[in-house]
Structures are given as structure tokens and as C-alpha cells.
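# Residue-level structural notes
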2 protein chains.
Amino acid sequence: MSNRIDGLSDRKKLILKAIVEAHIQGGEPVGSKYITESKQLTCSSATIRNEMAELENMGYLEQPHTSAGRIPSKQGYRFYVDTLLEEYAMTAKEIAQINQLMKIKMSELDRILDKASKVASSLTNYTGFAIKPRSRAVTVTRFETALIDSRSFILILVASDGSVKTRNILTDSAIDLHTVTGLSQALNELVAGLDAEEITLPIMMSLENRIGDSALANTVMKSIYEVLGELDGGELKVSGLDRLLQYPEFSDSSDLGELLGAFERKDEILDLVSDTESDRVNVVIGSESSVKVINNSTFVFKPIKSKGKTVGAIGVIGPLRMDYARVLATLDNLGGNISQLLNEPKHTEKGDNHDG
Amino acid sequence: MSNRIDGLSDRKKLILKAIVEAHIQGGEPVGSKYITESKQLTCSSATIRNEMAELENMGYLEQPHTSAGRIPSKQGYRFYVDTLLEEYAMTAKEIAQINQLMKIKMSELDRILDKASKVASSLTNYTGFAIKPRSRAVTVTRFETALIDSRSFILILVASDGSVKTRNILTDSAIDLHTVTGLSQALNELVAGLDAEEITLPIMMSLENRIGDSALANTVMKSIYEVLGELDGGELKVSGLDRLLQYPEFSDSSDLGELLGAFERKDEILDLVSDTESDRVNVVIGSESSVKVINNSTFVFKPIKSKGKTVGAIGVIGPLRMDYARVLATLDNLGGNISQLLNEPKHTEKGDNHDG
DNA sequence: AATTAGCACTTGGAACAAAAGAGTGCTAAT
DNA sequence: ATTAGCACTCTTTTGTTCCAAGTGCTAATT
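It should be emphasised that the depicted structure is a prediction, and the values quoted were computed from it without experimental measurement. (Residues numbered from 1 in each chain as written. Chains lettered and ligands numbered in written order. Predicted model: local features only at pLDDT ≥ 70, side-chain atom pairs only at ≥ 80, totals over all residues. Heavy atoms only, no water.)

The next thing to look at is the layout of surface pockets. The probe, sized like a water molecule, is rolled over the atoms to show the empty space still left. All names here are of chain A. The computed volume of the second largest pocket comes to approximately 1,000 Å³. As for the second largest pocket, its lining consists of 46 residues, of which Ser160, Asp161, Gly162, Ser306 and Lys307 are closest to the centre. Split into classes, the residues belonging to the lining of the second largest pocket amount to 17 nonpolar, 15 polar and 14 charged. (1 Å grid on protein atoms, 1.4 Å probe; cavity = no way out; pocket = protein on both sides within 12 Å on 5 of 7 lines; lining within 4 Å. Points joined across faces, edges and corners; volume = space filled by probe spheres on them. Nonpolar A, V, L, I, M, F, W, Y, C, P; charged D, E, K, R; others polar.)

In C-alpha cells:
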């Protein structure tokens, strides 16, 4: 009888779906009686009980204690997300809010992501985050300088991912426009386009020779290394942290502490996002991944692509019993819009606000 | 008998001090028996009880319920901080850690503050924050441009407080080096040094005339407004959020939520810090100030001065029963060091790392 | 063979009572 | 002015009972 390609009869699927959704909605364990009363199935509570017992044996459900209803296990949520989830139809209001964001045509990824994480948080009512994953491939493609006074100038570094970093440089000896112009020329010829490993001693020597000021060359190279490090190491922005507290699973205890700690350290989350390849919305339930920190929470995130490369991700974090349908739809839409924005030909529109 | 200039006998002061310190240490209400046993006073528990009753009447102590010991009231903490606190001698290790930070000679305030908030958090074991207060006085003192390609360039804005902001600008029509050089010249002559109110319509008109591209002028001015807004609105960085959770007063409940919410919104905290004038370490206990959000927590922060002006602040946030002696000493030292770093003549040292 | 009604069983939570413990306030003695 | 002593108050803990929820199993039914 019926569809068993993934090992569950249609009825079991229906029951599992009903339990997951009831639990997501109410937060309480779900009993057999509730399922029969919800009229999605025609059989009796005894039948449901038998099926539930089997689902528990198979690992899809758990029982907090003998006389309680069932709650979905992580495997249960996983099956739900992968197989049972129905498309969520976004409301006009939600779509409007996303379009609102899209109108702000910012060209700088950092600021787009920052804004997007706020929107994700406010649309889903979970904690939102935005991330720029690690990528060794980023280099400085161009150097510019701007003289400030006789003892300081600004070094501007344009990275291959489009981001711009600046550094105030204080010099030991007096400098003039000629010096810094020469410096930026030299950097553009010798260092631009190289990554950290490619900047070798010979290159540094020739830079020193070229500008004829070893102290300056030294200082500048230090700054460049630093910026390369920043470009490489990802960034993580979090917004709507306080929303976590409204869910009883975080209301007390150590789970919240682990999450906050993970946000502080950043690296676990960066790893988690950087390691995934799928372009679709990713759902990481509990400690499915090797990342230990997020045991009792779910990460959902969607990569942001620009010209075929993953340049960032936006997502939300919340309890296991997350409103997956809605979150998936929201992030898919939002992330897709952002990727599209990044990829669309930039100069086709009328001359309104082209920047941010 | 004895010192009553602030209305408390010496003995009452001793008792209050003992109670505050015992409570800071243990977190539990303090009873009369504990005080007598701690051997700081020679009188009996009954005497202590009488004194405690009086201290409660005077508003320095509170009783959670009849059969509990006393805990300090906000007024009690206030008196303790203002009058009873003994100098905390920082350990060699703590001083070493601060000196470590000081070695990183960064010239950019943002990055110093960011780092400093982390150090403050790790030294005190409370949540650290760093802030750049609002200040209407900041203007853009200088504009630079860097051409990227025929349709985009980077606008660099150097602010009067030394910070540097950049904006990617996408243009509708093709541009060349000549265009952007002319643009920066025009901006430097017409707009540099003005604050948002001073940029009037006539000025914008003459800019438009000067560069002869109204769409470009428009886009650029939008970016400038935006940056002026950013420079004006303060920044708030928080680190060590997870440390809050180790204190039982935040272990559950809404207080934590209010704090997290305040960190999200930022404005209450910015107001709080921006409104204070004292250069010393400030201690805001509970809702002493008009800021409602932080009812059951203490803010301690020290302003950072550069050339006589307050350019930032670093501080920590924690429960009312905070280790005030230690926090005050740490922030005073740390903040003082940073201010000194910002003010010291910058070019006197040997040619080692002058930047960051 | 699958479903279902019925019932015994398990368990956590609520309600209540009693006891223990901590600390006070007051009185009377020093 | 201080202090010993004690009655009093209030929270916390512990134990008991009771109840409701929900299960698993068995026997009857389709």
C-alpha cells in the first residue's frame, strides 16, 4: 500500500506532519487524541497511538516522559523539512517589506547584508544574521592614497569582492603628495592582485627600493597584511537577539548561553556557513553538523551569490520548533532578491538613487 | 560621636560596607549573624540587627521578606560607590593585559574602541561596550575620489574626528578621472567643513553648476547626507554578552530581554552616555537615570577624551551587585591609557609600527 | 489483517500540609 | 548603649495525595 519509497506510509507521514505542525504551533507535546480531533485523519486515537509508537521506534518522535504526548525528534524535523513541508505563500505585506528593502539600491555588500539581516529578523520574528564567509580568494585589486597632512595619509584598498577598506597611516618623516602618489603607483604595480601568500620577500624588497623609504614601506605592508586578514576572515552581524527570549526553549538555561557565546566567537558559525555548498536555503537542525554549539536550535540560511560565487549569506536562528515553512519562504525570497540585485546590470535604470 | 557629615555613624558605614561586599561576593541576602562572624565588628548580632533596621529605614538596605537577611538598595550601592569604596589594587597580570592592548598603536578610534571593549569585558568578566557618542559637531573636512571604472568610483570622506568613510558610487553616465578629480575639488571647496544644516540649496546649486552633471551631483549629495548621519549617530559595540548569563540575576526573566533589546536599539544607551559630562568613571545604578531600560543592572563607563573633547567611552554592564572596586579601577586605568594614547605626540618614537 | 473500544498503568503537576531553617524584632537584663 | 534570649514570621523543603493526560495492551470488531 501507498508510497513507501522513503520508508513511511502515507498515513505515517500525515501523522508526523500533523504532530510537527501542532508542536510548532503550540510548543506542547502532542497526544493521539489531539490528532484525531484535528480531523485530518479519519481513524481512531488507538490507531494513531500504534502509529506513533512505530514512528517513535523509527526515530522520528520522542516522548518527554511516559504519560506525555510526543514531540518531533531532530530526525523528525529533518524529515518534515525535507519531505513534508508545504510551500508557504507569503503575504502581500511580507512581500512589500522585502521589496522595500530592495529599493535601497546599495552597492556595498556589507551594508546590504547588515540591512538584510534586520529584515530577516523582523519578518520571521527569529534572530537574524548576515555573514560574509571566509574566502582565501579575496585580494586587493587596487590601491589609492589621499594625503591628509605632512605626517599622515589615508591608504585606500579596493578588494576584489568590491569592498573598500581604509587605513590611516602615520609616518615618521614628512611626506608630500608626490610621495603618496608614488606609493600608490608602486603598490598598484607590485602588490595589487596578490594574495597573502604571494607577497614574498623579493616583492617587498622591490617596493622598498621603489619608494626609497623602508620605514614607510614597512608600515604600509603591515596595514596591507591586516586588511588581507580582515577580508579573509568572515564577518558576522546579528540582529534581533532579544527575540530569542520569547521562546520558552531559550527562556532560561545554558542553551541561550551557548548561542550567545557562539555569536561572540563567530568562528563556529562562520565555519558552518562557509562549509556548505548548496545554493538553496540550508536548514541545520540541532547538532546535525559537526558544530557542537547549536545543539538545541535551528540555523536556516540562504547563500548570497554574485557572479556565480558565494559572497555572503543571510539567515535566522531559532528554536527547533521553528516555523520552517515561513522561514524558508522568507529567506528564499529575500536571498534571491539580494543575489539578483547584485547581479543585475547596474546602469540600466533612470537616474535615481543608485547608491547608498 | 564620630563622623556624621553624611548622616551615617562610622559603625553604620562599616556595617553597610560589610553587607554590600558580602552580598557582592555571595549574591545572597546577608544576615546579622554573618556580619558578626566576619569579625569586622566587635558587637553582637543584636546590635547589628538594630543598626540594620535603622539602615533599612534610611533607605540603604532592603529586605526581600521578613525572615531573610538584607540586601543593599540602589541607594545603598550608590553610597557604597561614592563613599565606602576602597581603592582596588590591580594585579600585575591585569596591568600587563592593558599594556598589551596599548601596544597596538592604532590611530583609528573605532578600532581602538572595539578592541578596548573586548579587553574591558575580559578583564572584568562583565559585558563590555564601547561607544562613540552622538555629536552634531562632526563634519566632513575633506573629500577624495578614486576612479574604479567608467561607471563607478569611490568617494572618500575624511571627518573632523579623524574617521574615514567611503562610498561606492555608481554613475548613470560614463565618467573619467577628470570628472572625479573635478568632483572632489568642487566638494572640497564648496561642502567641506559644513554640517548638515549648513548645506543649503544654493550650495547644492553651485555644486551642480560646477560639475555640470546634475544626476551625479544628486547621487553624491545623497551619500554625503548619509555619511553625515552616520558620523552624527553614535556607534555601540558590545562584547562578552554571554557573560551576563553567569549571573543569576540575568539567568532568566525579562531583565535580560530588556538589556538585549537596549543593545539592539542602541539609542537609550547612547543617550545615557552622551548626556554625562564627568570625565571620571561614571556609575549608573539601576534606573537612577531617566533611562528606563536598565532597571536591574549597573552601567559603568569611562569617557575617552581626545584634545579635550569626549570622543568615545568604554564601559561594562552587569548586575547591581557588581564588583565595583575592580571595575572602577580597570575602566579608569584602561580609559586613561586610551585617552593618553590618543593625545600623545604621535611621531616621537622610533620607526616601528605606527599604525594598525 | 487492520482497526478500534476499553481499560489498566505510568507519570508529572497541582494542591495541600507539615516541618525545618533562617533571620528578625522586641523585651528584659546587663 | 549593648546584648542575650525568645517568640514570631516567612520561605523553603519535603512528603502526601489526587488528578489529568496519555500511553500500551488486550480483546472485540470489521
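There's more to say after this.
Residue and element names in this part refer to chain B. Read from one edge to the other, the open sheet built from 5 strands follows the order 7-3-10-9-8, with strand pairing classed as antiparallel. Strands at the two margins of the open sheet, each flanked by one partner only, are strand 7 (235-239) and strand 8 (282-285). Pairwise comparison of adjacent strand axes, ignoring direction, gives a mean angle of 20° for this sheet. Where strand 3 (residues 127-132) lies against strand 7, 5 bridges are found, and the strand directions are antiparallel. Note that in strand 7 the partner of Ile131 across the bridge is Leu236. The strands that helix 6 (residues 109-124) touches are strand 3, strand 7, strand 9 (297-306) and strand 10 (309-319); relative to strand 3, the one it contacts most, it runs at about 160°. (Pairing = 2+ DSSP bridges. Helix = DSSP H or I, 4+ residues; strand = E, 2+ residues; numbered from the N terminus. Axes fitted to C-alpha atoms, helices over the stretch in contact; angles between N-to-C directions. Contact = heavy atoms within 4.5 Å.)

Bringing the protein's contact with DNA strand C into the picture now. The full set close to DNA strand C counts 21 residues, and A:Thr47, A:Thr66, A:Ser67, B:Ser32 and B:Arg70 are the nearest of them. Within 4 Å of the protein, the contacting atoms of DNA strand C are drawn from sugar and phosphate to the extent of 74%. Note that a phosphate oxygen of DNA strand C is positioned 2.7 Å from one of the side-chain N or O atoms of B:Ser32. Between a base nitrogen of DNA strand C and a side-chain N or O atom of B:Arg49, the distance comes to 3.1 Å. Those elements that provide at least two residues to the surface near DNA strand C are helix 3 (45-57) of chain A together with helix 3 (45-57) of chain B. Sorting elements by how many residues they give to the surface near DNA strand C places helix 3 of chain A first, with 4 residues. Residues belonging to the surface near DNA strand C are distributed by class as follows: 5 nonpolar, 12 polar and 4 charged. (Near = heavy atom within 4 Å. Polar contact = N/O pair within 3.5 Å; in protein donor to acceptor, adjacent residues only side chain to side chain.)

On to the domain arrangement of chain A. All names here are of chain A. The domain boundaries assigned to chain A delineate domain 1 (2-84), domain 2 (92-134 + 235-350) and domain 3 (140-232). Of note, the centres of domain 2 and domain 3, computed from C-alpha atoms alone, are 34 Å apart. The interface of domain 2 with domain 3 comprises 4 residues on the first partner and 4 residues on the second. Counting the surface lost from both domain 2 and domain 3, the interface buries some 310 Å², and carbon and sulfur atoms represent 40% of this. Three residues, Lys132, Arg134 and Glu235, lead the burial of domain 2 against domain 3; their summed loss comes to 62% of the area buried on that side. Remark: the boundary between domain 2 and domain 3 carries 0 salt bridges. Where domain 2 packs against domain 3, one counts 0 residue pairs in polar contact (both at pLDDT 80 or more). Here the side of domain 2 that touches domain 3 is composed, by residue class, of 1 nonpolar, no polar and 3 charged. (Domains from an automatic or database assignment. Buried area = accessible area lost by both parts, 1.4 Å probe. Salt bridge = Lys/Arg side-chain N within 4 Å of Asp/Glu carboxyl O.)

A separate point is the sheet that holds strand 6 (residues 164-170) of chain A. All names here are of chain A. Read from one edge of the open sheet, 3 strands run 4-5-6, paired in antiparallel fashion. Every interior strand has two partners, whereas the edge strands, strand 4 (140-149) and strand 6, have only one. Taking each pair of neighbouring strands and ignoring which way they run, the sheet shows an average axis angle of 20°. Sheet topology note: the strand 4/strand 5 (residues 152-159) ladder contains 8 bridges and is antiparallel. Paired with Thr145 across the two strands is Leu155, which belongs to strand 5.

Moving on, we come to the pattern of salt bridges. The tally for this structure, following the rule as stated, stands at 44 salt bridges over all chains. The salt bridge involving A:Arg78 is made with A:Asp82; its shortest N-O contact spans 3.1 Å. Of this pair, A:Arg78 and A:Asp82 both sit in helix 4 (residues 74-84), separated by 4 residues, roughly a single helical turn. You can call A:Asp82 exposed: its relative accessible area is 53%. Two residues, A:Arg210 and A:Glu189, come together in a salt bridge whose shortest N-O distance is 2.9 Å. Note that A:Arg210 is positioned in helix 8 (residues 201-211) and A:Glu189 in helix 7 (residues 177-190), a separation of 21 residues in sequence. The exposure class of A:Arg210 is partly exposed, given its relative accessible area of 40%. When salt bridges that share partners are traced, they join A:Arg111, B:Lys165, B:Arg167, B:Glu226 and B:Glu230 into one network. (Buried < 20%, exposed > 50% of the residue type's maximum accessible area, 1.4 Å probe, protein only.)

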